[in-house]
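Understanding the architecture of this molecule
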Amino acid sequence: MEKLVARINELSRKNKSVGLTEEEMAEREELRRQYLQQFRKNFKDQLDTIKWAEDEDNDKLKH
């Protein structure tokens, strides 16, 4: 993920200074797509591990 972000940032800096070629623009879009896909997966995984206090209270009452 760090290498992905580093390359995206590198292309962004180059775009601001001298511009990008068509190939670099396509690469940047693909890298951004990959980054967002990974970000969403990681975020979903985090949400899936959350335990709600209400659920824990209900579990205690059942046992």
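What you see is a predicted model; the values in this text were computed from it and never measured. Along each chain, numbering runs from 1 in the same order as the chain's sequence is written. Only residues with pLDDT of 70 or above have their local features reported here, since the model is predicted, and side-chain atom pairs are shown and tallied only from 80 upward, although totals for entire chains, interfaces and linings are computed over all residues. Calculation of side-chain values draws on the structure's entire complement of heavy atoms; hydrogens and water are dropped beforehand.

Quick look at helix α2 (residues 22-48) now. Taking 1.5 Å as the rise per residue, α2 with 27 residues should run 39 Å; its terminal C-alpha atoms sit 39 Å apart, in good agreement. Burial classification: accessible surface area is computed with a 1.4 Å probe over protein chains only, and a residue below 20% of its type maximum counts as buried, one above 50% as exposed, and the rest as partly exposed. A run of DSSP states H or I qualifies as a helix once it reaches four residues; a run of E qualifies as a strand once it reaches two. Both are numbered from the N-terminal end. When α2 is considered as a whole, its buried residues turn out to be E24, R28 and L31. Any two residues having at least one pair of non-hydrogen atoms within 4.5 Å are treated as being in contact. For α2, the elements touching its buried residues are α1 (2-17). To estimate how far a helix should reach, multiply one less than its number of residues by 1.5 Å.

Known as pLDDT, the predictor's confidence for each residue is given on a scale from 0 to 100. Averaged over all residues, the pLDDT of the protein chain equals 91, while 86% of them reach at least 70. Of all helices and strands in the protein chain, the one with the weakest mean pLDDT is helix α3 (residues 53-62) (67), whereas α2 scores best (97).

With that settled, consider the nonpolar core. As used in this record, nonpolar core signifies buried Ala, Val, Leu, Ile, Met, Phe, Trp, Tyr and Cys residues forming a set joined through side-chain atoms within 4.5 Å. Residues L4, I8, L11, L20 and L31 constitute the largest nonpolar core, which totals five residues. For this core, the element with the most residues is α1, which contributes three residues. With residues up to four places along the chain from it excluded, the contact list for L4 reads L31, Q34 and Y35.

A cluster of nonpolar side chains, contributed by M1, F39, F43, L47, I50 and W52, occupies part of the molecular surface with about 640 Å² of accessible area. Relative accessible area serves as the criterion here: at 58%, W52 is assigned to the exposed category. Two joining distances apply to patches: 9 Å for like charges and 5 Å for nonpolar side chains (Val, Leu, Ile, Met, Phe, Trp, Tyr), and every residue must have over 30% relative accessible area and no salt bridge. Computed with the Shrake-Rupley method and a 1.4 Å probe, the accessible areas treat only the protein chains shown as cover for residues. The salt bridge criterion pairs a side-chain nitrogen of Lys or Arg with a carboxyl oxygen of Asp or Glu, the two atoms within 4 Å.

Under the definition given, this model contains eight salt bridges. Close ionic contact of R7 with E27 constitutes a salt bridge, the shortest N to O distance being 2.9 Å. Here the residue R7 occupies a position in helix α1, and E27 occupies one in helix α2, the gap between them amounting to 20 residues. Overall, the relative accessible area of 24% leaves R7 in the partly exposed class.

So, about the side chain of E24. Looking at the element boundaries, E24 is found in helix α2. With sequence-adjacent residues up to four places away left out, E24 is seen in contact with L11, K14 and G19.

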